[in-house]
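Residue strings, one per chain:
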Number of protein chains: 4
Amino acid sequence: VSFTHRVRVYYEDTDTGGIVFYANYLKFFERARTEWLRHGAQGVDGVSQQQIADELGLLFVVRSTAVQYHRPARLDDLIRIESSVERAGRVGIDFVQQAFLDIPDGPLLASGRIQVACVTRALRPAQIPPGLRAIFVDEESV
Amino acid sequence: VSFTHRVRVYYEDTDTGGIVFYANYLKFFERARTEWLRHGAQGVDGVSQQQIADELGLLFVVRSTAVQYHRPARLDDLIRIESSVERAGRVGIDFVQQAFLDIPDGPLLASGRIQVACVTRALRPAQIPPGLRAIFVDEESV
Amino acid sequence: VSFTHRVRVYYEDTDTGGIVFYANYLKFFERARTEWLRHGAQGVDGVSQQQIADELGLLFVVRSTAVQYHRPARLDDLIRIESSVERAGRVGIDFVQQAFLDIPDGPLLASGRIQVACVTRALRPAQIPPGLRAIFVDEESV
Amino acid sequence: VSFTHRVRVYYEDTDTGGIVFYANYLKFFERARTEWLRHGAQGVDGVSQQQIADELGLLFVVRSTAVQYHRPARLDDLIRIESSVERAGRVGIDFVQQAFLDIPDGPLLASGRIQVACVTRALRPAQIPPGLRAIFVDEESV
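Because the structure is a prediction, the values reported are computed rather than measured.

1. Observations concerning the environment of Asp94(A)
Residues and elements named next belong to chain A.
1) Next: Mapped onto the fold, Asp-94 is located in strand β4 (residues 92–101).
2) Next: Given a relative accessible area of 7%, Asp-94 falls into the buried group.
3) Next: Separated by 23 residues in the primary sequence, Asp-94 and Ala-117 have C-alpha atoms spaced 8.7 Å apart.
4) Next: Contacts of Asp-94, omitting those with residues within four sequence positions, involve Ser-84, Val-85, Glu-86, Arg-87, Ile-114 and Gln-115.
5) Next: A polar contact is formed between the side chain of Asp-94 and the side chain of Gln-115, at a distance of 3.2 Å.

Rendered as C-alpha cells:
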C-alpha cells in the first residue's frame, strides 16, 4: 500500500541559500499523510483529521522523525511524495516517505521515516480505530 | 481578469487557537499569485518565478500588504482564493485577493490588498516585462 | 507608552531572494506584542497569553494587519521592533509597530498597524480585562 | 564543549493540537547552532553565517536530522536548548541537541541529532575552516 502526493515549492518554502529549507520537508511529508488519510483506500472511506478530533476525540501526533537530505529543490519545483507504511502497530504507524523532483527520472531529494501515534485530546496513547488503520494497512498482509 | 486557486489547511497552518494562523493568509495569497503567473492567461503563456529570475534577472517583491480577517478557518478546510488586479503600473501591480471557505455559499474568511513590484537582483525597481504584465492585465481595457 | 523588542534573523526567516520573507514581519510584530504583555508596565504585572487563556478563557485575535516594506533585512541581522498603541477600545487595541535594523542610525525596514481584539474561547468579542489593558495604555492619558 | 540557548514559544510555533508543531524543533535547534557560531568559544571569535557566505563563499547545509519528541511544549513556554558536538570531521559536524522545558527539573521535550556539512555556493563539499571548527571542537581532545 502506498500513496502519491505532489507539492509545489513556493517562496515561503525557500531560504537564503536559494533552496528549500530542510525543515519544510517535514511539512511536505505531513501534507502527504494527511491527503492519504483524506483520500482513503480501496473500499475504505477517507476522513479528515478535524473529523477524527471532533467525532472521536483523537489526534495523531508525531513521535519521531528521521530525514536525510540528498539533493536540493528550488523555487517552483514540483515535488512528488511517495509514502508507504513500514510498520503498523495498535497505537502507532511508522511511515517511510520519499520526496522526488517530479520530472522524468527526477532525483530523490529527501527520504524520511516518520513515527506517528494516536492519542486522546489529553495526549494519552489510544488505539488507532480499525477503520483508520485500514486506510494505511492492507490488513490481509499484516 | 481574475484567477481562482484552492489551498488545503494543514497542521502547519494552524495555531493553538484552533484556527489558521493569520500570517499564513499572506502565504496562501502568494501561492495564488504564483499559480496565476505559472498558469498564464488566454493567449499568454505562463512562466515560473525561477525562470524569470534565471532568464531575466528579475524578482517580484512585496511592497505592502493589508489584510482583514473576517472568519476563522480550521484544519482540513479547503480555501478558495479569488485574485484580481486593482491597478497595474509600469513597475508594480496591486492585487486584491479574497479567501473563501470553499463550500456552497462559503463565507469570506479574509480579504487583502497586496502591492507587488518588479526589481532587479540588486533590488532596484525594474519595468515589468510586457509579456508578464499581459498575464495579469487585459491590455485593451487599460 | 511604548515597548522595544529585538529579534535575530535566522535561516528560517529568509527566502530565496536572500532577504527576510515579508510575511515573517507579522511574526516579529507578534513576538513583540507578546513580550510587551509578558513584561507588563510600570506598576502593572505582566502576564502570558497561556495564563489568560487558562484562567480567563480569553484569547487575543488579530482583526487586521497593514504592513509596508521599506528595506530588506538579511540573515543574521538584528531587528529592533518599536511598538506603541494608537487606539485602545473596550474590546480591541490598535498597535503601530516599526521594525528597524538595530545598528546606529539603522534604517526603517517595515512598519505596520495591527488591530487586535479580545475574544472568548468561542471566538465571541469580549471586554479586555482592565488589568491587561493597563499594560498597553496609560489610563490617565485616555 | 557545549552551548546553551533559550527560545520562547510564540503563537507562530504552535498548532491546533495546542502544542508546539514538531517541525519547529528543527528551527529551535538551528537557532541554537547559529547562536553558538555567533558566540564563539573561549579564545575563538564568533562569526555570523552571512559573514561566512560573503567573505568565504561557504554555507552550512543540513545533511540529516533525527528528532525524538518526548513531551509537548505550549504557548509561552521557555525552552532551553543544550547543544554539543558528537563528531567533527573535515567537512561535516554532527550535533546532538536537546530541548528542555526551562523550569527547575524541567522535562526533556525533544532530542535530536543534526548532521551539518560545509559547502561552497555551488553546494559542493568544502573543508570547514579551522577557525570555525575550533568554535565547536576542543581541538586538544580530538
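2. Topic: the sheet that holds strand β5 (residues 108–120) of chain C
1) Next: Ordered by their spatial adjacency, 10 strands build an open sheet running β1(B)-β3(B)-β4(B)-β5(B)-β2(B)-β2(C)-β5(C)-β4(C)-β3(C)-β1(C), and the pairing between neighbours is antiparallel. Unpaired on one side and paired on the other, β1 (2–8) of chain B together with β1 (2–8) of chain C mark the two borders of the sheet. Averaged over all pairs of adjacent strands, the angle between their axes in this sheet comes to 25°, without regard to strand direction.
2) Next: In the sheet, β1(B) pairs with strand β3 (residues 78–88) of chain B via seven bridges, with the strands oriented antiparallel. Paired with His5(B) across the strands is Ile81(B), a residue of β3(B).

3. Quick word on the relation of the copies chain B and chain C
1) Next: Superposing chain B onto chain C takes a rotation of 180° plus a shift of 0.0 Å along the axis, which leaves an RMSD of 0.0 Å. Put plainly, the chains are arranged around a two-fold axis. Residue Ala66(B) of chain B places its C-alpha closer to the rotation axis than any other residue of that unit, at 2.0 Å.
2) Next: Comparing interface residues between copies, 100% of those in chain B also sit at the interface in chain C, which points to an isologous, same-surface contact.

4. Concerning the interface of chain B and chain C
1) Next: Listed by partner, the interface residues are 19 residues for chain B and 19 residues for chain C.
2) Next: Counting only elements with at least two residues in the side of chain B that touches chain C, the list comes to α1 (24–39) and β2 (58–69) of chain B.
3) Next: If you tally residues by element for the side of chain B that touches chain C, the top one is β2(B), at eight residues.

5. Digging into the side chain of Gln50(C)
1) Next: Inspection of the secondary structure assignment puts Gln50(C) in helix α2 (residues 49–56).
2) Next: Residue Gln50(C) is classed as buried on the basis of its relative accessible area, which comes to 19%.
3) Next: Once residues lying within four places of it in the same chain are set aside, the contact partners of Gln50(C) are Arg74(D), Leu75(D) and Asp76(D).

6. Quick look at α2(C)
Residue and element names in this part refer to chain C.
1) Next: All of the buried residues in α2 are Gln-49, Gln-50, Ile-52 and Ala-53. Down the axis of α2, the smallest arc covering the buried residues is 165°, so these residues share one side. Exposed side chains of α2 directed beyond 90 degrees from the buried face belong to Asp-54 and Glu-55.
2) Next: For α2, the secondary structure elements touched by its buried residues are α1 (24–39), β2 (58–69) and α3 (130–136).
3) Next: Backbone geometry just after α2 places Gly-57 at a positive phi near 65°.

7. A few points about the interface of chain A and chain D
1) Next: Taken together, the contact between chain A and chain D spans 19 residues of the former and 19 residues of the latter.
2) Next: Carbon and sulfur atoms make up 61% of the area that chain A and chain D hide from each other, which totals about 1800 Å².
3) Next: Connecting chain A to chain D are zero salt bridges.
4) Next: Seen at the junction of chain A and chain D, the total is 10 residue pairs in polar contact (both at pLDDT 80 or more).
5) Next: For the side of chain A that touches chain D, the secondary-structure elements that each account for two or more residues are α1 (24–39) and β2 (58–69) of chain A.
6) Next: Ranked by residues supplied to the side of chain A that touches chain D, first place goes to β2(A) with eight residues.
7) Next: Tallied by class, residues from the side of chain A that touches chain D come to 11 nonpolar, three polar and five charged.
8) Next: Pairing of β2(A) with strand β2 (residues 58–69) of chain D involves five bridges; the strand directions are antiparallel.

8. Notes on α1(B)
1) Next: Taking 1.5 Å as the rise per residue, α1(B) with 16 residues should run 22 Å; its terminal C-alpha atoms sit 22 Å apart, in good agreement.
2) Next: Most of α1(B) sits out of view: 15 of its 16 residues are buried.

9. Quick look at the sheet that holds strand β3 (residues 78–88) of chain D
1) Next: An order of β1(A)-β3(A)-β4(A)-β5(A)-β2(A)-β2(D)-β5(D)-β4(D)-β3(D)-β1(D) is seen for the 10 strands of this open sheet, with the pairing classed as antiparallel. Here the strands that pair on one side only, and so sit at the sheet edges, are β1 (2–8) of chain A together with β1 (2–8) of chain D. For this sheet, the mean inter-axis angle between neighbouring strands, taken without regard to orientation, is 25°.
2) Next: Relative to strand β4 (residues 92–101) of chain D, β3(D) is paired through nine bridges, and the arrangement is antiparallel. Looking across to β4(D), one finds that Glu82(D) is bridged to Gln98(D).
3) Next: Contacts between helix α1 (residues 24–39) of chain D and the sheet are confined to β2 of chain A together with β1, β2, β3, β4 and β5 (108–120) of chain D, with β1(D) contributing the most and set at about 130° to the helix.

10. A few points about the pairing of strand β4 (residues 92–101) of chain C
Residue and element names in this part refer to chain C.
1) Next: Here β4 lies mainly inside the structure; eight of its 10 residues are buried.
2) Next: Between the antiparallel neighbours strand β3 (residues 78–88) and β4 lie three residues.
3) Next: The turn joining β4 and β5, which pair antiparallel and follow one another in sequence, is formed by six residues; a positive phi near 55° is taken by Asp-105.

11. Re the pattern of salt bridges
1) Next: If you walk through the whole model with that rule in mind, you get 36 salt bridges over all chains.
2) Next: Residues Asp102(A) and Arg6(A) are paired through a salt bridge, measuring 2.7 Å at the closest nitrogen-oxygen approach. Here the residue Asp102(A) occupies a position in the loop between β4 and β5 (108–120), and Arg6(A) occupies one in strand β1, the gap between them amounting to 96 residues.
3) Next: What makes Asp102(A) partly exposed here is its relative accessible area of 22%.
4) Next: Arg6(A) gets classed as partly exposed once you look at its relative accessible area, which sits at 44%.
5) Next: The closest approach of N and O atoms between Arg33(D) and Glu30(D), which form a salt bridge, is 3.7 Å. A residue pair is termed a helical-turn pair when its members lie 3 or 4 positions apart in one helix, as Arg33(D) and Glu30(D) do in helix α1 at three residues. Glu30(D) shares its class with Arg33(D); the two are buried.
6) Next: Through salt bridges with shared partners, a single ionic network connects Arg6(A), Arg80(A), Glu82(A) and Asp102(A).

The rules behind these values
- Residues numbered from 1 in each chain as written.
- Chains lettered and ligands numbered in written order.
- Predicted model: local features only at pLDDT ≥ 70, side-chain atom pairs only at ≥ 80, totals over all residues.
- Heavy atoms only, no water.
- Helix = DSSP H or I, 4+ residues; strand = E, 2+ residues; numbered from the N terminus.
- Buried < 20%, exposed > 50% of the residue type's maximum accessible area, 1.4 Å probe, protein only.
- Contact = heavy atoms within 4.5 Å.
- Polar contact = N/O pair within 3.5 Å; in protein donor to acceptor, adjacent residues only side chain to side chain.
- Pairing = 2+ DSSP bridges.
- Axes fitted to C-alpha atoms, helices over the stretch in contact; angles between N-to-C directions.
- Least-squares fit on C-alpha atoms with pLDDT ≥ 70 in both.
- Arc of directions from axis to C-beta.
- Buried area = accessible area lost by both parts, 1.4 Å probe.
- Salt bridge = Lys/Arg side-chain N within 4 Å of Asp/Glu carboxyl O.
- Nonpolar A, V, L, I, M, F, W, Y, C, P; charged D, E, K, R; others polar.
- Expected span 1.5 Å × (residues − 1).

Limitation: the analysis is restricted to geometry and does not speak to function.
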